[in-house]
Amino acid sequence: ARMSAALYNKRVYTETEEWIHYTNGGEASIGLTKNAVEQLGEVVYIEFQLEAGESVEKGDDLIIVESVKATETIQAPFDLTLLENNSELEDSLELLNENPEEAWLVKVEKNDSFTL
């Protein structure tokens, strides 16, 4: 999977209040914006929907986030393979609540559904 150099080490914000931080090639970390966490209120539970190595299509569920106010589903922003869940967050949601811009939820690899 080749990716334009413009997306190397770059952070993109989505309309649904997630951030996607591209590291190299097609790898990216996904997290929630400060605004999203403020709107949700305190996050009390997260449930990862995938295990490492599993692939999903754009729009499929990645993570369910439960807060004191609502339940939100974070969906795949593109076709991807899950590399890693941030299991530390399952034990300690303070990081997500206090510093969401630093607390990645999942690391993924972008799957190109087309070949060049």
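Structure shown above.
Residues numbered from 1 in each chain as written. Predicted model: local features only at pLDDT ≥ 70, side-chain atom pairs only at ≥ 80, totals over all residues. Heavy atoms only, no water.

Time to look at the packing of aromatic side chains. Counted according to the given criterion, the structure contains one aromatic pair. Over the aromatic face of Trp104 sits the side chain of Lys107, whose NZ or CZ is 4.4 Å from the ring centroid. (Phe/Tyr/Trp six-rings, centres within 6.5 Å; stacked < 30°, edge-to-face > 60°. Lys NZ or Arg CZ within 6 Å of the ring centre and 35° of its normal.)

Residues Glu47, Glu66, Glu84, Glu88, Glu90 and Asp91 make up a contiguous surface patch of negative charge. With three residues, the top contributor of residues to the negative patch is helix 2 (residues 88–91). Checked against the element boundaries, Glu66 lands in strand 6 (residues 61–67). (Patch = residues over 30% accessible without salt bridge, like charges linked within 9 Å, V, L, I, M, F, W, Y side chains within 5 Å. Areas by Shrake-Rupley, 256 points an atom, 1.4 Å probe, with all protein chains shown as cover. Salt bridge = Lys/Arg side-chain N within 4 Å of Asp/Glu carboxyl O. Lys, Arg positive; Asp, Glu negative; His and termini not counted. Charge placed at Lys NZ, Arg CZ, Asp CG, Glu CD. Helix = DSSP H or I, 4+ residues; strand = E, 2+ residues; numbered from the N terminus.)

Now for the sheet that holds strand 2 (residues 18–22). Judged by pairing direction, the sheet is antiparallel, and its six strands sit side by side in the order 1-2-3-9-8-5 without closing on themselves. The sheet is open, and its two edges are formed by strand 1 (10–13) and strand 5 (55–56), each paired on a single side. Pairing analysis gives four bridges linking strand 1 to strand 2, with the strands arranged antiparallel. Along strand 2, the bridge assignment pairs Tyr13 with Trp19. (Pairing = 2+ DSSP bridges.)

Before going further, it helps to spend a moment on the nonpolar core. Among the nonpolar cores identified, the biggest contains 28 residues, and Leu32, Ile46, Leu62, Ile63 and Leu96 are the most heavily contacted of them. Elements supplying a minimum of two residues to this core: strand 2, strand 3 (27–32), helix 1 (34–40), strand 4 (43–48), strand 6, strand 8 (80–85) and strand 9 (104–110). Apart from residues no more than four positions distant in its own chain, Leu96 is found in contact with Leu32, Val37, Val43, Ile46, Leu89, Ala103 and Leu105. (Core = buried A, V, L, I, M, F, W, Y, C linked by side-chain atoms within 4.5 Å. Buried < 20%, exposed > 50% of the residue type's maximum accessible area, 1.4 Å probe, protein only. Contact = heavy atoms within 4.5 Å.)

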